[in-house]
6 protein chains.
Amino acid sequence: MPYVNIKVTKENGEPTIAQKEELIKGVTELLHNVLGRNRASTVVIIDEIETENYGLGGESIRVKRQMKG
Amino acid sequence: MPYVNIKVTKENGEPTIAQKEELIKGVTELLHNVLGRNRASTVVIIDEIETENYGLGGESIRVKRQMKG
Amino acid sequence: MPYVNIKVTKENGEPTIAQKEELIKGVTELLHNVLGRNRASTVVIIDEIETENYGLGGESIRVKRQMKG
Amino acid sequence: MPYVNIKVTKENGEPTIAQKEELIKGVTELLHNVLGRNRASTVVIIDEIETENYGLGGESIRVKRQMKG
Amino acid sequence: MPYVNIKVTKENGEPTIAQKEELIKGVTELLHNVLGRNRASTVVIIDEIETENYGLGGESIRVKRQMKG
Amino acid sequence: MPYVNIKVTKENGEPTIAQKEELIKGVTELLHNVLGRNRASTVVIIDEIETENYGLGGESIRVKRQMKG
């Protein structure tokens, strides 16, 4: 019955559709295995975030990637 | 004064603009009627989610729709 | 299938358990009526927020209530 | 680098502290394994929800549990 | 270490990339100055919301803007 | 008009009521200064998270604090 929201940056074509299915399945199994919660009503929502909209340590991931480049 | 967030899959051109206005109005009225909260400061934010990003029961709605098709 | 999160201040013993049931039922019906979405998998989560933790217009509801008092 | 929010009902003393550590570790590993994301900056926040505040299918989990009892 | 989510309407090309960097930096500094929290692990995620998906006072910002126009 | 949610661990009696007022005021001013958004309808909600419910790098802040102690 739990609800899970995953926010992850969208980078180089990832997460792909296959990776998102793996995340949905993996989180649902984890909650079932650890807490015994019902898989059927477990909701997982994935938000793909542009790197310019995800900040860490006071700057966006977009800026961090450019400085590494 | 309440804040409401609605996450709904985007399917077959829905929710339309008109449906979203109905949701905003309907939720605001409901909170006013049940709790007497001020309509003017009630915030409703709608997130439209791709079917591949919404998981239920360990798989995405995208996969569920394909299996029915 | 939608997911709804309602954040509402906790004031004078409200929302009561009965009011919360009304909100859950009302939002689920609204989404069914407007969008035709499946009631059975609609999730509604209510967060009750202390007035000191809910800000509007640059000050908390706690401060707003005191100034009116 | 991802952010994950887990909302789960609080029932019969669960989730325990040990279960919550397992969830935090498990989700962080999953995101690393599937997407190769950096474990060090992965944030996982768990919200424990009272059964009267979690609605599914138009009624709260509190009511669902009572009807089974 | 805090996590901050900002939801803001997308209007007339704003927020720009430069404005979003300012928001990320500003919120991170604020949390450091007020609470002494570690800047390095502060996460800020910005969601840009279409005006038709942001409701205030029972109608969308899209409708509000049209009535002013 | 923006909506902001701040999630911060609850540690050693902080954030205090005064600190929370500062956060609400500071974020509202920041959004006004950077984006010119209306202060009156800016909503800021603060969630105080137990250290055992906030994970970073695969373990809870609770565990991190104990290892430093």
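Chain A has the name Tautomerase in an unreviewed UniProt entry, where Campylobacter hyointestinalis subsp. hyointestinalis is given as its organism.

## What about the arrangement of the chains?
Between chain C and chain E there is no contact, and the shortest C-alpha to C-alpha distance separating them is 13 Å. Regarding chain A and chain F, which are not in contact, the minimum distance between any of their C-alpha atoms is 13 Å.

## Brief notes about the pairing of strand E1 (residues 3-9) of chain A
All names here are of chain A. Here E1 lies mainly inside the structure; seven of its seven residues are buried. Of the two faces of E1, both are covered, the one formed by Tyr3, Asn5, Lys7 and Thr9 as well as the one formed by Val4, Ile6 and Val8. Of the strand pairs in this sheet, E1 and strand E2 (residues 43-49) are connected by seven bridges, and their pairing is parallel. For Val8, the partnering residue across the bridge sits in E2 and is Glu48. Traced from E1 through helix H1 (residues 17-35) to E2, the parallel crossover comes out right-handed.

## A word on the packing of aromatic side chains
The relative placement of two aromatic rings is captured by the distance of their centres and the angle of their planes. Applying the stated rule across the entire model yields three aromatic pairs over all chains. Between Tyr3(A) and Tyr3(C), the ring centres sit 3.7 Å apart and the planes meet at 5 degrees, which makes this aromatic pair stacked. Here Tyr3(A) is found in strand E1, whereas its partner Tyr3(C) is found in strand E1 (residues 3-9) on a different chain. By the burial criterion, Tyr3(A) is buried, and Tyr3(C) matches it.

## Here's the deal with the interface of chain B and chain C
Contacts between chain B and chain C engage 27 residues on the former and 27 residues on the latter. Here chain B packs against chain C, burying approximately 2400 Å² in sum over the two surfaces, 69% of which is carbon and sulfur. On inspection of chain B and its partner chain C, the count reaches zero salt bridges. Where chain B packs against chain C, one counts ten residue pairs in polar contact (both at pLDDT 80 or more). Contributing elements (two or more residues each) for the side of chain B that touches chain C: strand E1 (3-9), helix H1 (17-35), strand E3 (54-56) and helix H2 (61-68) of chain B.

The rules behind each value
- Residues numbered from 1 in each chain as written.
- Chains lettered and ligands numbered in written order.
- Predicted model: local features only at pLDDT ≥ 70, side-chain atom pairs only at ≥ 80, totals over all residues.
- Heavy atoms only, no water.
- Contact = heavy atoms within 4.5 Å.
- Buried < 20%, exposed > 50% of the residue type's maximum accessible area, 1.4 Å probe, protein only.
- Helix = DSSP H or I, 4+ residues; strand = E, 2+ residues; numbered from the N terminus.
- Pairing = 2+ DSSP bridges.
- Right-handed = clockwise from strand over helix to strand, strands pointing away.
- Phe/Tyr/Trp six-rings, centres within 6.5 Å; stacked < 30°, edge-to-face > 60°.
- Buried area = accessible area lost by both parts, 1.4 Å probe.
- Salt bridge = Lys/Arg side-chain N within 4 Å of Asp/Glu carboxyl O.
- Polar contact = N/O pair within 3.5 Å; in protein donor to acceptor, adjacent residues only side chain to side chain.

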